[in-house]
Amino acid sequence: MAAEELGPLPAGRHGYSREQVAHHQRERLIAGLAEAVAEKGYAAVTLSDIVRHAKVSRRVFYANFERKEQCFLAAFEVVVAHLRELVAEAAAGVDGWPQQAITALRVTLAFLASEPDLARLCLLESRTAGPAVIARFNEAVAELAPALARGRAERPEGARLPESTEDSTLGSLISLAQRKVAANEAEQLTTILSDGAELILLPYLGSVEASRLTRAI
Amino acid sequence: MRALPGKENRQPPGAEPVSRDAAAADQRRRILEATAELIAKQGYPETTMEEIVRRAKVGYATFYKHYPDKEAAFLALIDAATAHTVERVEGAYKREEGPWQDRVGAALGALFEDVAAHPDAARCVLVEATAAGNEAAAKHEAALKRLAKLLQPGRELNPRQAQLPESLEETLCGGVVWVLGQRLMAGEAGKLRALLPETLEFLLRPYVGEQEAAREAGEVADAISA
């Protein structure tokens with residue numbers, strides 16, 4: 001994700017289309033923002049920081065984004081889209097809702113642990129980035145609710161679970177992960193896998209089965 | 001915020017130090033209320049000092065007399081709001097003499113009432129102050145940890161208590177904070193009562209099992225509709 005990894009944009013006549021260059025520039029800006037946020041926190045990040053890390057001009061920034069909040073949202077979207085792909089790919093080969101749920105959590109935590117700066121950006125910095133970002137964060141979490149709600153079909157008791165079950169389960173999961181990142185332990189996010197999985201499974205499978213499945217992790 | 005002794009001596013005869021304190025307290029209250037309203041509406045980063053003083057109907061000099069900057073006012077707001085909420089919730093827990101489940105129900109009821117009564121301040125605490133790496137987050141976290149302790153005795157009711165995750169109480173409280181924050185952001189502070197039974201069920205389930213948790217929630221739902 002670092003701007004360095006993307007390499008310098010070739011100068012002069014390079015055979016890239018205008019669209020390709022624009023796409024690269026946007027990616028560089030997103031990576032630049034992620035680096036700047038990792039360095040000093042979103043609140044303190046200025047436009048100059050972003051373009052310096054991205055190695056592009058301010059003009060290029062304004063051609064892509066109106067303000068830093070939009071650039072943050074774009075960075076957030078990149079991570080969300082990537083996670084969605086990772087989870088879909090991993091869960092495709094897994095049978096049954098409980099194991100799919102565990103797999104989704106495992107893949108998500110593993111990715112965030114391998115990219116601690118992005119984990120921080122998404123889980124913590126997003127809370128400081130203003131109402132639009134907070135709203136988008138909450139929306140992204142709410143998008144997970146239907147996948148969770150499939151657990152209601154696992155047992156007859158699932159039919160009478162309160163409406164807010166998915167909401168409160170996702171909220172406690174987010175809180176568990178946020179706390180880990182806030183303690184500067186983002187790299188160890190995978191250690192919350194079994195506790196997190198138990199939280200997810202508990203309402204849908206009951207405590208005995210939830211604990212049996214998560215003990216085996 | 002009483003005046004220094006030297007200053008007090010210079011006060012004109014007849015002036016009451018008490019009223020001076022009261023005036024200062026009123027100024028602080030107005031500043032914090034304005035801060036809460038503005039931040040709840042537009043977020044912390046977008047809220048300016050200028051907007052706060054205008055809304056609080058105080059001058060810049062008055063603002064600076066109490067707080068050095070916007071962050072200080074926000075922190076004072078978080079302090080006051082969390083202290084108030086923790087006191088209400090712990091008080092309700094202590095006053096309830098029934099079994100632990102009922103005490104948690106009373107505490108949660110007090111929390112919901114407090115949030116519904118002060119939605120702007122609650123939004124500042126539950127949503128704006130959850131970002132980490134800053135002082136507000138630390139205050140939020142401290143309050144949450146304190147309230148999480150009220151859940152601890154529930155472990156005694158679970159035959160598998162040794163296997164319960166260590167972070168369970170704080171994680172459950174985090175879930176409640178999340179749900180309340182969602183509802184506040186959706187402008188549904190007025191509809192919180194309906195959410196109380198299911199949130200109680202969510203909190204009790206890991207300790208007493210699903211059937212007992214559902215039964216307790218049902219009792220609370222009946223009490224609300226009665």
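Report on the accompanying structure. As the structure is a computational prediction, the values presented were derived from the model and not from experiment.

Our focus in this paragraph is the overall build of chain A. For chain A, the helix and strand inventory stands at twelve helices and zero strands. Counting from the amino terminus, chain A carries its helices and strands in the arrangement α-α-α-α-α-α-α-α-α-α-α-α. Taken over the C-alpha atoms alone, chain A extends approximately 65 × 35 × 30 Å along its principal axes. Burial analysis of chain A (217 residues in total) assigns 41% to the buried set. Partitioning the contacts of chain A with sequence separation of at least 6, the portion at a separation of at least 24 is 63%.

All names here are of chain A. Compared with an ideal rise of 1.5 Å per residue, which puts 23 residues at 33 Å, helix H2 (residues 18-40) spans 33 Å between its outermost C-alpha atoms and is within 8% of the ideal. Along H2, the residues that are buried comprise Arg26, Arg28, Leu29, Ile30, Ala31, Gly32, Leu33, Ala34, Glu35, Ala36 and Val37. Two residues or fewer past H2, Gly41 is found with a positive phi of approximately 85°.

You will see that A:Lys55, though not glycine, has its phi angle at about 60°, which is positive. Take A:Lys55: it is sitting in the loop between helix H3 (47-54) and helix H4 (58-64).

Turning our eyes to something else, we now look at the interface of chain B and chain A. Taken together, the 33 residues of chain B in the interface contact 33 residues of chain A. Looking at the side of chain B that touches chain A, the elements that each hand over two or more residues are helix H9 (168-185) and helix H10 (196-208) of chain B. Sort the elements by how many residues they give to the side of chain B that touches chain A and H9(B) lands first, with eleven residues.

Next up on the list: helix H8 (residues 131-142) of chain A. Residues and elements named next belong to chain A. When the terminal C-alpha atoms of H8 are compared, their 16 Å separation across twelve residues agrees well with the 16 Å that a helix rising 1.5 Å per residue should span. Those residues of H8 lying buried are Val133, Ile134 and Asn138. Viewed end-on, H8 has its buried residues packed into an arc of 135°, placing them on one side of the element.

A few words now on the environment of B:Ala36. Residues and elements named next belong to chain B. By the element assignment, Ala36 lies in helix H2 (residues 17-42). Under the C-beta neighbour-count criterion, Ala36 is labelled buried, with 25 such atoms within 10 Å. Placed 28 residues apart in sequence, Ala36 and Tyr64 show a C-alpha to C-alpha distance of 18 Å. The residues touching Ala36, leaving out its near neighbours within four places in the chain, are Leu77, Asp120, Ala121 and Cys124.

In this section: the environment of A:Leu124. Within the secondary structure, A:Leu124 is located in the loop between helix H7 (116-123) and H8. Residues A:Leu124 and A:Arg26 lie 98 residues apart in sequence; the distance between their C-alpha atoms is 23 Å.

Judged by nonpolar contacts, the single largest core of 120 residues is most densely connected at A:Leu33, B:Ala107 and B:Cys124. When neighbours within four sequence positions are excluded, A:Leu33 is seen to be in contact with A:Ile50, A:Cys71, A:Phe72 and A:Ala75.

The geometry of a pair of packed helices is captured by two quantities: the angle between their axes and the separation between those axes. All names here are of chain B. Two numbers describe how helix H7 (residues 119-126) lies on H9: the axes approach to 10 Å, and their chain directions differ by 130°. The orientation of H7 with respect to H9, classified from their angle, is oblique. As H7 runs across H9, the sense of the crossing is left-handed. For the pair H7 and H9, the contacting residues are Pro119, Ala122, Arg123 and Leu126 in the first and Val177, Leu180, Gly181 and Leu184 in the second. Taken together, the residues of the contact of H7 with H9 break down into six nonpolar, one polar and one charged.

About the cut-offs
Residues numbered from 1 in each chain as written. Chains lettered and ligands numbered in written order. Predicted model: local features only at pLDDT ≥ 70, side-chain atom pairs only at ≥ 80, totals over all residues. Helix = DSSP H or I, 4+ residues; strand = E, 2+ residues; numbered from the N terminus. Buried ≥ 20, exposed ≤ 12 C-beta atoms within 10 Å, placed from the backbone. Contact = placed C-beta atoms within 7 Å. Expected span 1.5 Å × (residues − 1). Arc of directions from axis to C-beta. Core = buried A, V, L, I, M, F, W, Y, C linked by C-beta atoms within 7 Å. Axes fitted to C-alpha atoms, helices over the stretch in contact; angles between N-to-C directions. Parallel < 35°, antiparallel > 145°, perpendicular 65-115°, else oblique. Left-handed = near helix turned anticlockwise from the far one by under 90°. Nonpolar A, V, L, I, M, F, W, Y, C, P; charged D, E, K, R; others polar.

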